[in-house]
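An overview of the molecular structure
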Amino acid sequence: MTFTYPAVFTPHKEDGGYHVEFPDLEGCWGDGPDLEDAIEDAKYSAYNWLMVELEEMGGGHFPARSHIDDIEVGEGSFIKELMIIIKLLPDSD
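Residues numbered from 1 in each chain as written. Predicted model: local features only at pLDDT ≥ 70, side-chain atom pairs only at ≥ 80, totals over all residues. Heavy atoms only, no water.

Some points on the pattern of salt bridges
Applying the stated rule across the entire model yields one salt bridge. A salt bridge links Glu 81 to Arg 65; its shortest N-O distance comes to 2.9 Å. Within this pair, whereas Glu 81 is found in strand β4 (residues 78–85), its partner Arg 65 is found in the loop between α1 (35–57) and β4, the two being separated by 16 residues in sequence. Classification of Glu 81 by relative accessible area gives partly exposed; the value is 34%. Residue classification places Arg 65 among the partly exposed positions, given a relative accessible area of 47%. (Salt bridge = Lys/Arg side-chain N within 4 Å of Asp/Glu carboxyl O. Helix = DSSP H or I, 4+ residues; strand = E, 2+ residues; numbered from the N terminus. Buried < 20%, exposed > 50% of the residue type's maximum accessible area, 1.4 Å probe, protein only.)

A short note on the sheet that holds strand β2 (residues 18–21)
In spatial order, the strands read β3-β2-β1-β4; together these four strands make up an open sheet with antiparallel pairing. Edge positions in the sheet fall to β3 (29–32) and β4, since each has one partner strand and no second. Here the average twist between neighbouring strands, direction ignored, is 30°. Judged from the eight bridges that link them, strand β1 (residues 2–11) and β4 form a sheet pairing that is antiparallel. Counted as the bridge partner of Ala 7 is Lys 80 from β4. (Pairing = 2+ DSSP bridges. Axes fitted to C-alpha atoms, helices over the stretch in contact; angles between N-to-C directions.)

Shown next as structure tokens:
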């Protein structure tokens, strides 16, 4: 399964890092000391968020993806779409 969700990147005020939030995935966020690490942390967080949804909902009712033009961002922030891939293995019962 492949998911693509917009993520809002907000630069840290004190260093070169970023805080990342997914407007469509409530409570899902990431953080990193640089852009590359922030992206990886955000993708890991989104993966876990989606896996919990998949397990708890028995197939998942995943949120619809917002259109980038509909997302408001603060000054200095920007949006990047992130792809999250979940590989499901067949049950081995």
